[in-house]
Each structure stands twice: as C-alpha cells, then as structure tokens.
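# Fold and contact review
Okay, here's what each chain looks like letter by letter:
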Amino acid sequence: MTGKLYIIRHGQTDWNIEHKLQGQTDIPLSNAGRDMARKAGKNSRVNIDLCYSSPLRRALETAELYLGEDRVPIVSDERLMEMSFGIYEGMKDYFTVQDHPVTPLFQDPVHYTRLEGGESFEELYARCESFLREELLPALEEGKSVLVSGHGCMNCALMSLIRGTPLKEHWSNLTGNCVVTELTKDVQRLLKNGKEEHG
C-alpha cells in the first residue's frame, strides 16, 4: 500500500515581504512565518510518520513548528534546498523586471539561462529526481505518510516530476507560504506508470 505524501512551502520571511529573491541565502522565518507554521500544524488533520526538509532555516523551522510535539523524525537533505539564483539573490521586486537575466526564470522557464553563480533548471530537476527516486518513493512504497518541507521553486520542481508537468508550466505548481499540498494520488499514478513501463 502506497503511503501518503504532503508537501509544504516554508513560512513567511522578511524577504518574502520585501519581495527579495531568496534562493539559497539562509533567511530565517519572520515571527508571522512562525505563527503560520504553528497554525498550519494545529489545523492539520493528517498523521505524519517521516519528514524530509531542506536544511535552510526557513524550511527546517517550518517543519519543526508544523509538527509541534509530535515525535516525527526530520531528515535534512541538501537536495531539497531552494534553487540557487547566484549573484541575484537579494534582488528586490525580481518578478516584475523586464529584459533582465532573471526575467525568463518566471516568464519563460524553457529558455532560462543559469544566472552567474546559480543553478539551471536541469540541475535543480536532477537533484530533485535523485531525492525522489532514492528517498521519497521507497518511503512511500513502505506505506509511510511523508511530509516534505521545502521552497517555492524547488517544490514546483518536485511536484512537476511527480505530476508530469512540463517545464514551461513549472510555476503552475507554486503555492503560498505554509500551504500544504497532498500528492498521494499523483504518486500512486507515478508508481503505477513506472511498474507498467518496466513490467
């Protein structure tokens, strides 16, 4: 029996409010973000057996606050870090700029070129797929209920791999801070298709 999968985006940070591009810069949660994570956990109606988290503070603390006093193991995995945006991390109002190196990141992912010091979508998807195949799917196949605590862009990549979303629609999987998305049915479909392809 396949386990259940839930993915949460970290709580709000000061850089979220200031519309700054965070990437792998290790920005902590704001007080409002901490409240978001606690509230999301209290409102949750699901039992979690295992949690995987990005090692960045905003995701790891979200996992800890969401799970509260539940004795759930939290495994930190660097493959769940946010996409690196290189020298443009800290850039303000990044999603409104035009004719700038970051513009294709949001408006045309297929033609996005890696920013100086950053990652490409291919690199992001490769590490997410490695995590999916080596850690996540085996845990789900064991019947575990799993929570993944991550980031906007990274979560989109992981959900795209599970749902089969093309890169051009990468951002269609974006959620708000502390929104929990269940992907159990998508995982079941992925596993079923995988078995059919190799059966």
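Residues numbered from 1 in each chain as written. Predicted model: local features only at pLDDT ≥ 70, side-chain atom pairs only at ≥ 80, totals over all residues. Heavy atoms only, no water.

### Regarding the packing of helix α5 (residues 121–141) against helix α6 (residues 152–163)
Operational definition: Inter-axis angles, ranging from 0 to 180 degrees, are taken between N-to-C directions of lines fitted to C-alpha atoms, where helices are fitted over the stretch in contact. Secondary structure elements are taken from DSSP: a helix is a run of H or I of four residues or more, a strand is a run of E of two residues or more, and numbering for both begins at the N terminus. We call two directions roughly parallel when the angle between them is under 35 degrees, roughly antiparallel when it is over 145, roughly perpendicular when it lies between 65 and 115, and oblique otherwise. Two helices cross in a left-handed way if the nearer one is turned anticlockwise from the farther one by less than a right angle. They cross in a right-handed way if the turn is clockwise. Residues count as neighbours in contact if any of their non-hydrogen atoms are within 4.5 Å of one another. In this classification, the charged set is Asp, Glu, Lys and Arg, the nonpolar set is Ala, Val, Leu, Ile, Met, Phe, Trp, Tyr, Cys and Pro, and all remaining amino acids, among them Gly, are polar.
Relative orientation of the contacting elements α5 and α6 amounts to 60 degrees, with a least axis distance of 9 Å. As summarised for this structure, α5 and α6 are arranged oblique, according to the angle between their axes. The chirality of how α5 crosses α6 is right-handed. Contacts from Phe 121, Leu 124, Tyr 125, Arg 127, Cys 128, Glu 129, Phe 131, Leu 132 and Leu 136 of α5 reach α6 at Cys 153, Met 154, Cys 156, Ala 157, Leu 158, Ser 160, Leu 161 and Ile 162. Looking at the contact of α5 with α6 residue by residue, the class counts come to 14 nonpolar, 1 polar and 2 charged.

### Some words on the pattern of salt bridges
We apply this condition: A pairing counts as a salt bridge when a side-chain nitrogen of Lys or Arg comes within 4 Å of a carboxyl oxygen of Asp or Glu. Burial here depends on accessible area, computed with a 1.4 Å probe over protein chains only, as a share of the maximum for the residue type. Under 20% is buried, over 50% is exposed, and the range in between is partly exposed.
Applying the stated criterion across every chain, the model contains 13 salt bridges. In this structure, the salt-bridge partner of Arg 133 is Glu 129, at a minimum N-O distance of 3.8 Å. A residue pair is termed a helical-turn pair when its members lie 3 or 4 positions apart in one helix, as Arg 133 and Glu 129 do in helix α5 at 4 residues. Its relative accessible area of 45% is what places Arg 133 among the partly exposed residues. Sharing partners across several salt bridges, the network here consists of Asp 77, Arg 79, Glu 134 and Glu 135.

### What to know about the layout of surface pockets
Rules: Here a cavity means grid points, on a 1 Å grid over the protein atoms only, where a 1.4 Å probe fits yet cannot get out; a pocket means an open set of points with protein on both sides within 12 Å along at least five of seven lines; lining residues are those with an atom within 4 Å of a point. Grid points are joined across faces, edges and corners, and a volume is the space filled by probe spheres set on the points.
When its volume is computed, the largest pocket comes out at roughly 310 Å³. Surrounding the largest pocket, 19 residues form its lining, Arg 9, Asn 16, Leu 21, Tyr 94 and Phe 106 being those nearest its centre. Looking at the lining of the largest pocket, the elements with two or more residues in it are α1 (14–17) and α6. Looking at the lining of the largest pocket residue by residue, the class counts come to 9 nonpolar, 6 polar and 4 charged. Taken as a whole, the second largest pocket encloses approximately 190 Å³ of empty space. Around the second largest pocket, the lining residues are Arg 38, Gly 41, Lys 42, Ser 44, Val 46, Asn 47, Ile 48, Leu 65, Tyr 66, Leu 67, Gly 68 and Asp 70. Within the residue set of the lining of the second largest pocket, elements represented by two or more residues are α2 (31–43) and α3 (57–67).

### Brief notes about the environment of Val 148
In this structure, Val 148 sits in strand β4 (residues 146–150). Here the alpha-carbon distance between Val 148 and Asn 47, two residues 101 residues apart in the chain, equals 13 Å. Discounting residues that sit within four places of it in the chain, Val 148 has contacts with Leu 5, Tyr 6, Ile 7, Ile 8, Tyr 52, Leu 80, Phe 131, Leu 136 and Leu 158.

### Some points on the pairing of β4
Within a regular beta strand, the side chains point alternately toward one face of the sheet and then the other, so they alternate between its two faces. Definition in use: Whether two strands pair depends on DSSP finding at least two bridges between them.
For β4, the buried fraction is high: 5 of the 5 residues fall into the buried class. In terms of strand pairing, strand β1 (residues 5–9) meets β4 through 5 bridges, oriented parallel. Along β4, the bridge assignment pairs Tyr 6 with Leu 147. The sheet contact formed by strand β2 (residues 50–53) and β4 spans 4 bridges and is parallel. Within β4, the residue paired with Tyr 52 across the bridge is Val 148.

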